[in-house]
Amino acid sequence: MKPAVVAWRFLPAAVLWSSRLRGMVASVLQFSKARTPNQKAAMIVALLAAVVASWNVLHASAYQDDEGTYTAQALSSLNGSLAPYTYWYDHPPLGWLQLAVLSWIPTLLGHGDETAVGQMRYVVGLFFVATTLLVFLLARRLRASLPFAIMGALLFCLSPLSLVLGRQVFIDNVGIPWLLLAFYLALSLELKLWHHIGAGACFAVAVLSKETLAIFGPALLLALLHRPYWQTRFFSVIGFLSVGGLVLAFFPLLAVLRGELIAGAGHVSLQDALRFQFLSRPGSGSLFDPSSGRTELVGGWLYYDSYLILIGMGAALLCLLRREARWIPAALLLFSAPVVIGHGYLPAMYIVAAIPLLALAIAIATDIAWATVSRLFPRVPYRGRHAAKTKSSAGLRLVSVGVAGTLTALVLGMLIPAWYSMNRGLLTNTANDDWHKALQWSQQNLPREDVALVPYSMWQDINADGRHDPWKVIALEKMDLDTEYDAHHPGGWRSIDWIVEGPPTVRNIENLALKDADVALQNSRVVVSFGEWRIREVLPDGASPTLTGEKR
């Protein structure tokens, strides 16, 4: 067939698609023209956050066991159970229930064939976008000008701490947007009763997603009350407290309905879980002890983004100058107290809750500094009610210029180059290659009738690979911490045939005092290695390690 004839046959389709394309472009332009600058900025911020949330998310950071835990619990809840093993009230279940409700998103995006944790990271991306957007909206509600509100959102979503922790399957990331939404509603300019009731409900959902977020409760109440008196304030406070308390009551009510509120023989209980979390759990030591786990953890936070943490803490002091923003230093003070003076257990993801507040503090402080400069120098543009013309002394002008100039220099001169270097690695790393190789080898070579002890990060994928038995493929800590193990395997560690050992395996055995798992690991030899990942065969009782290969 001649080319001219072919072209003629496709011409109607080309004209049709050209017409449709022009129509789509016209619709987008019309939609954009109808939006306010705030709405346009919010859409751009959300779009950028979506790109950051998904960029290289399957390859960096390395998959963590906590991610595997929450993924397995979310997918288990789709089958009517709160966890694949015994649910023991270590956390309220609402965090992973939200992940379960949204677990269809990866398939919609074309990522349904990824690993279980990988798929769930795309779900967490939705919460990452919501958090970024709420940082922008909160900044605007706190009277930050548009450029500084955008800056606050960018500080959050581009911080290396956000790229490391904010995109992982942690229930902290699920609870944060609910917490920010609570502040947004509590600071509503309309002073409507349902806004304040909604703030109480959102705060309760945040706490039921991750209980450590409860520490921000006094700051939220301060945000609600620290404003000029309004006529229905009494009803607002009562509504805020009563609705928030009512929603929070669902957690103990769950324990009551399951007959597990009070400790007793033969069952787990909420009382035992609280005793473990607050009293008997091994602590992280003191921040003033250089060898403590707490010092090491805080050092890790500072390694990824010392600028956001230190500048944000300093900027929070400037927020005291703006009435609506005085809850920010209060919230960061509440956050810091357990870190500085505490000795109890400090989870690695505790910093997740502070990242958006630190970004918000910098945005508001910069806006305050700029507003001060514009007040002293009327020619400096500032679209706010503080842009009135005033006379000032040369010394005061010098101080104002110095504050604004210092903040700008810190943000542009120090923070951005350091972030570029750190983020470049995080957005291009392939930290999970060895994890994938160990998973693939295990799926292809571990006999299905054998019992394997595996890290929680790959438990879902190996267990779902035709086995579907949590007591054939066993998550590492469940061997020691779930009493059901003894019922299924009265032979103890000798029932284990294989161990998949990853970088966190030995650390988890030590931190959680997993005696049986440790004995099984001691009596095993390496069969194959992929970087820091090893597949071990547990030796028969009495076998000599010198004849059977490597022992740990």
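For the structure, check the block above.
Residues numbered from 1 in each chain as written. Predicted model: local features only at pLDDT ≥ 70, side-chain atom pairs only at ≥ 80, totals over all residues. Heavy atoms only, no water.

Let's talk about the overall build of the protein chain
Put simply, the rule is: Helix and strand assignments come from DSSP, with helices taken as H or I runs of at least 4 residues and strands as E runs of at least 2, each series counted from the N terminus. For the exposure calls, accessible area comes from a 1.4 Å probe over protein chains only, and a residue counts as buried if that area is under 20% of its type's maximum, exposed if over 50%, partly exposed in between. Reported accessibility uses the Shrake-Rupley method at a 1.4 Å probe radius. Residues are deemed covered only where the shown protein chains occlude them.
A tally of regular secondary structure across the protein chain gives 25 helices and 5 strands. The proportion of buried residues among the 552 residues of the protein chain is 47%. As displayed, the protein chain offers around 26,500 Å² of accessible surface, 65% of which is attributable to carbon and sulfur atoms.

Quick word on the sheet that holds strand 2 (residues 473-475)
The strands that make up a sheet are held in pairs by hydrogen bonds between backbone atoms, and each pair lies either parallel or antiparallel. Convention followed: When DSSP finds two or more bridges between two strands, those strands count as paired. To get an axis, a line is fitted to the C-alpha atoms, and for a helix only the part in contact is used. The angle between two axes follows their N-to-C directions and goes from 0 to 180 degrees.
Strand order in the open sheet made by the 5 strands is 2-1-3-5-4, with mixed pairing throughout. Every other strand in the sheet has two partners, leaving strand 2 and strand 4 (524-530) as the edge strands with one partner each. Geometrically, the sheet is characterised by an average inter-axis angle of 25° between neighbouring strands, direction not taken into account.

Here's the deal with the packing of aromatic side chains
Geometrically, a pair of aromatic rings is defined through the distance of the ring centres and the angle of the planes. Basically, it comes down to this: Each Phe, Tyr or Trp ring, with Trp reduced to its six-membered ring, pairs with another whose centre is within 6.5 Å; inter-plane angles below 30 degrees give stacked pairs, above 60 give edge-to-face pairs, and intermediate values give tilted ones. In this analysis the charged atom, NZ for Lys or CZ for Arg, is taken to sit over a ring once it is within 6 Å of the ring centre and within 35 degrees of the ring normal.
Scanning the entire structure with this criterion turns up 17 aromatic pairs. Note on Y87 and Y89: the rings are 4.8 Å apart at their centroids and 50° apart in plane angle, and the pair reads as tilted. Note on Y89: relative accessible area 3%, which makes it buried. Ring plane angle 10° and centroid distance 4.7 Å describe the contact between F335 and Y350, whose orientation is recorded as stacked. Separated by 15 residues along the polypeptide, F335 in helix 16 (residues 327-341) and Y350 in the loop between helix 16 and helix 17 (355-376) bring together distant segments of the chain. Aromatic rings pair up to connect Y70, Y87, Y89, W96 and F251 into one cluster. The cationic tip of R141 hangs over the ring face of Y184; the distance from NZ or CZ to the ring centre is 3.8 Å. Stacked on the ring of W230, the Lys or Arg R227 has its end atom at 5.4 Å from the ring centre.

Notes on the pairing of strand 3 (residues 498-501)
Side chains of strand 3 alternate between two faces, with W498 and V500 and I499 and E501 buried alike. The pairing of strand 3 with strand 5 (residues 533-538) spans 4 bridges and is antiparallel. Bridging across to strand 5, V500 finds its partner in I535.

Description of the pattern of salt bridges
Here is the rule we go by: Put simply, a salt bridge is a Lys or Arg side-chain nitrogen that is within 4 Å of an Asp or Glu carboxyl oxygen.
Using the criterion set out here, one finds 10 salt bridges in the structure. Across the salt bridge formed by D272 and R275, the nearest N and O atoms sit 2.7 Å from each other. You can see D272 and its partner R275 sitting in helix 14 (residues 270-280), 3 residues apart, about one turn around the helix. A relative accessible area of 28% places D272 in the partly exposed class. Between R536 and E501 there is a salt bridge; the shortest N-O distance is 2.7 Å. Of this pair, R536 sits in strand 5 while E501 sits in strand 3; the two residues are 35 residues apart in sequence, bridging distant segments of the chain. Salt bridges sharing partners connect three or more residues here, namely E501, R534 and R536.

Comments concerning the side chain of N508
Put simply, the rule reads: Residues are treated as being in contact if the distance between any of their heavy atoms lies within 4.5 Å.
Along the chain, N508 turns up in helix 23 (residues 503-511). For N508, a relative accessible area of 16% translates into the label buried. Those residues in contact with N508 that sit more than four places away from it in its chain are D65, L476, A513 and L514.

Here's the deal with helix 23
Operational definition: Directions pointing from the helix axis toward each C-beta atom define the arc.
Residues of helix 23 that are buried include every one of P504, T505, N508 and I509, and no others. Axial view of helix 23: buried residues confined to an arc of 140°, hence all on one face. Of the surrounding secondary structure, the elements contacted by the buried residues of helix 23 are helix 3 (65-77), strand 3 and helix 24 (515-522). A513 occupies a position one or two residues after helix 23 and carries a positive phi of about 55°.

Describing the side chain of S236
Spelled out, the test is: Pairing of N or O atoms within 3.5 Å defines a polar contact, subject to two protein rules: one partner must be a possible hydrogen donor and the other a possible acceptor, and residues neighboring in sequence count only if both atoms are side-chain atoms.
With respect to the helices and strands, the residue S236 is situated in helix 12 (residues 233-248). At a separation of 3.5 Å, a polar atom in the side chain of S236 contacts the side chain of W230.

Quick look at the environment of G466
Within the secondary structure layout, G466 lies in the loop between helix 20 (459-463) and strand 2. Under the relative-accessibility criterion, G466 is labelled exposed at 53%. Remark: the alpha-carbon pair of G466 and R448, spanning 18 residues in sequence, is separated by 8.1 Å.

Topic: a nonpolar patch on the surface
What counts here: Only residues whose relative accessible area exceeds 30% and that form no salt bridge are eligible for patches; like-charged ones are grouped when within 9 Å, while nonpolar side chains (Val, Leu, Ile, Met, Phe, Trp, Tyr) are grouped when within 5 Å.
A surface patch of nonpolar side chains, amounting to about 590 Å² of accessible area, comprises F250, L253, V256, L257, L261 and I262. Tracing the backbone through its elements, the reader meets V256 in helix 13 (residues 250-257). Taking the relative accessible area as the measure of exposure, V256 reaches 45% and is therefore partly exposed.

Side note on the pairing of strand 5
In the sheet, strand 4 pairs with strand 5 via 6 bridges, with the strands oriented antiparallel. Each bridged residue has a counterpart across the sheet, and for V526 the counterpart in strand 5 is R536.

Topic: the nonpolar core
The cut-off we apply is this: Throughout, nonpolar core names a set of buried Ala, Val, Leu, Ile, Met, Phe, Trp, Tyr and Cys residues whose side chains join them through atoms within 4.5 Å.
Judged by nonpolar contacts, the single largest core of 152 residues is most densely connected at L99, W301, W327, I328, I351 and I496. Among the elements that make up this core, the one with the highest residue count is helix 6 (residues 116-141) (13 residues). What W301 contacts, discounting residues up to four positions off in sequence, is L161, S306, I309, V339, L346, P347, A348, Y350 and I351.

Describing unusual backbone geometry
Put simply, A60 and S61 share a cis peptide bond, and its omega is 10°. Summarising the element assignment, S61 is placed in the loop between helix 2 (37-54) and helix 3. For L191, which is not a glycine, the phi torsion comes out positive at approximately 55°. Along the chain, L191 falls in the loop between helix 9 (171-186) and helix 10 (193-209). Even without glycine at this site, A513 takes up a positive phi of about 55°. Structurally, A513 can be placed in the loop between helix 23 and helix 24.

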